[in-house]
Amino acid sequence: MQDISAGQHTASVPETDGLRDLTVRNFLQLPQVKLGNPVVLAGEEHLDTPVRWVHIAETDAVTDLLEGGEMLLSSSPAFQHSVEHTRAFLDQARRAGAVGFAVEAIDEVGLASPRSLEVLTEAGKGAGMPVIALRSRVRFVRITQEAHRVLIGQQLSIVERTRELHEAFTELSLSGADESVIVREAARRLGTPVVLEDAAHRILAHAPADALAATENWPPSTAQAVPVGVKGRRWGRVVAPSAREDDPYAAEVLQRASQAITLVRAHSQTTYDLRMRASDHFVSELPHMSEEQALRRGRAADLHGPGGFMAIAVEMCGGGFAEDDGDAASGSVTKDEAADYQLRERGLRLELVAAAERLGLTAVTSAWRTGTVVAILGLPSSVGGSADDLTAELCCDLTEAIPETITVGAGQLSQTLVPVADDIPTAVEAAHVAAGMSIRRQPFYRFSDLRLNGLIASLSDDPRMSAFAHAELGPLLKPTTPTGPEPRGNKPREASGASSADLEFLWVYLLCGGQKAAVARQLGISRPAVYAKAGRIASTLGVSLDNPESAAALLTALLWQRSRNM
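Anyway, here's the lowdown on the structure attached to this text. Being a predicted model, the structure only gives us computed values, none of them experimental.

Some remarks on the packing of aromatic side chains
Then comes step 1: Within this structure, the stated rule accounts for 4 aromatic pairs.
Then comes step 2: An angle of 90 degrees between the planes, with centres 5.5 Å apart, marks the rings of F79 and F101 as edge-to-face. Taken together, the positions of F79 in the loop between β4 (70-74) and α3 (83-96) and F101 in strand β5 (residues 100-104) put the pair 22 residues apart, joining distant regions of the chain.
Then comes step 3: Residue classification places F79 among the buried residues on the basis of a relative accessible area of 0%.
Then comes step 4: A centroid spacing of 5.3 Å and a plane angle of 55 degrees characterise the contact between F89 and F101, whose relative ring orientation is tilted. With F89 in helix α3 and F101 in strand β5, this pair connects stretches of sequence that are 12 residues apart. Across the pair, F101 and F89 agree in class, each one buried.
Then comes step 5: Pairwise contacts between aromatic rings join F79, F89 and F101 into one cluster.
Then comes step 6: Between the NZ or CZ atom of R265 and the centre of the ring of W235, over which it lies, the distance is 4.0 Å.

A few points about the sheet that holds strand β14 (residues 406-410)
Then comes step 1: The strand order across the open sheet formed by 4 strands is β12-β13-β11-β14, and the pairing between neighbours is antiparallel. Both outer strands of the open sheet, β12 (362-369) and β14, are each paired with one neighbouring strand and no more. Across this sheet, the average inter-strand angle for adjacent strands is 25 degrees, counted without regard to direction.
Then comes step 2: Where strand β11 (residues 309-316) meets β14, 5 bridges bridge the pair, whose relative direction is antiparallel. Across the sheet, the residue bridging to A313 is G409, located in β14.
Then comes step 3: Against the sheet, helix α11 (residues 387-401) contacts β11, β13 (372-378) and β14, and its axis sits at roughly 30 degrees relative to β11.

Topic: the side chain of E252
Then comes step 1: If you trace the backbone, E252 turns up in helix α7 (residues 248-285).
Then comes step 2: Those residues in contact with E252 that sit more than four places away from it in its chain are R161, T162 and L165.

Each value, and the rule that gives it
Residues numbered from 1 in each chain as written. Predicted model: local features only at pLDDT ≥ 70, side-chain atom pairs only at ≥ 80, totals over all residues. Heavy atoms only, no water. Phe/Tyr/Trp six-rings, centres within 6.5 Å; stacked < 30°, edge-to-face > 60°. Helix = DSSP H or I, 4+ residues; strand = E, 2+ residues; numbered from the N terminus. Buried < 20%, exposed > 50% of the residue type's maximum accessible area, 1.4 Å probe, protein only. Lys NZ or Arg CZ within 6 Å of the ring centre and 35° of its normal. Pairing = 2+ DSSP bridges. Axes fitted to C-alpha atoms, helices over the stretch in contact; angles between N-to-C directions. Contact = heavy atoms within 4.5 Å.

Printed below as a string of structure tokens:
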């Protein structure tokens, strides 16, 4: 038995700030309740249960009116004489959602009734909620008024808090605050660390900055967390690892933070999609514009080129799938593969614009075909070096910024904008041809840089080129069938049957213009060995290696053969 008036619980009445629940324990501290000289007869372990409302119960039928969370008050003698009857009522009330039962246990002369206290104590054992005896006469209407003022004040405080939270996080989302700012605001309000993670539990942002210990051994086994993203497309969670899982205020703050982050992401995504679409339209319509229209549209797309304009094309080598690929046409390209490529293409366009901005350039990008992104660069009026130097630096920055193998083609610098449209297909083709070359040393390529190597790469799949190469290299590419044990020291054989040493010797010999001394130095062999090997290969092929026309034809065939085996 716990005598509330005796001082075991001397906590003051809770302030109605909306942040604390009115519990049974706090209810007993209300001034009008304390006038009743309350004593807890049973269920002390349930005193911290929240009270949602206070209801007067004079008959058993009151349980049909309960909705859950009610504190029941009664002065009925029906609950003070029979242990069985009172116990049955308490069981029924608990199942209906009652959280406590207070009975005015007073005899005819206004004193506490020992018999009533005994019955209530026995009936309250195992009731699953506090059973309280009021040992002095009180007015229930005043108790209910006082309790309901607290509850209504609490609800008003919660409404005010919700409104203030809504306005604060809405302002953050409308002002364009990024995820880290929103996470920091949530952490400030809760006074505990808050973390934003993605679907793979990778930490995207956390606050405060000195709360790194909260991110150790991530993710936590238990935490207050709210998903981020629209329904059906959740991409992460806002987590308060130190908050109680049943803390309603933490849940509300995290919910508002989640909504703000979702709105910011959606707005950013929508804005970027609109800009990309506008850029695509600008690039496709550029050939049909006047110069005045082109410059006006370019300025609207943040493209400024007082130092001139240049077209570039970036091919993601091996990235994506060809538009005319049979597999793609037959539908074997999965949705995941298509989505992955779109994300990579989007990332390339973002990094291209960002790299241009870092160098003081402006850029408008567009998807040209699968695997290729094009851009029109606007150069500043005062260029620190040549336009080509800036473009080369841009390509190097782009190569470091993205996890893709890329090849860049470029057009010529133009002081007007419209002619750049004609350079775009040229830059695309230059990038495509350069991507197929066996040797790529430059940060970007124009058609003038490709020369014979580029021409061979562009014709690598042409059957006429294959026929030419096989005709020129003849026996060196003809498959061989071993007729006995291979001699010791034999040279390794390629899949085609050609000796890799013979092909490498011929390649070096032709590049050195037949200079025997230069070939000997480069291959580390003697000059007599060079004469002997050159004579043997010439005899095998049936041509003179020193004839200019034969040398040019053999070099062209070797370029093709090396591009196929790169």
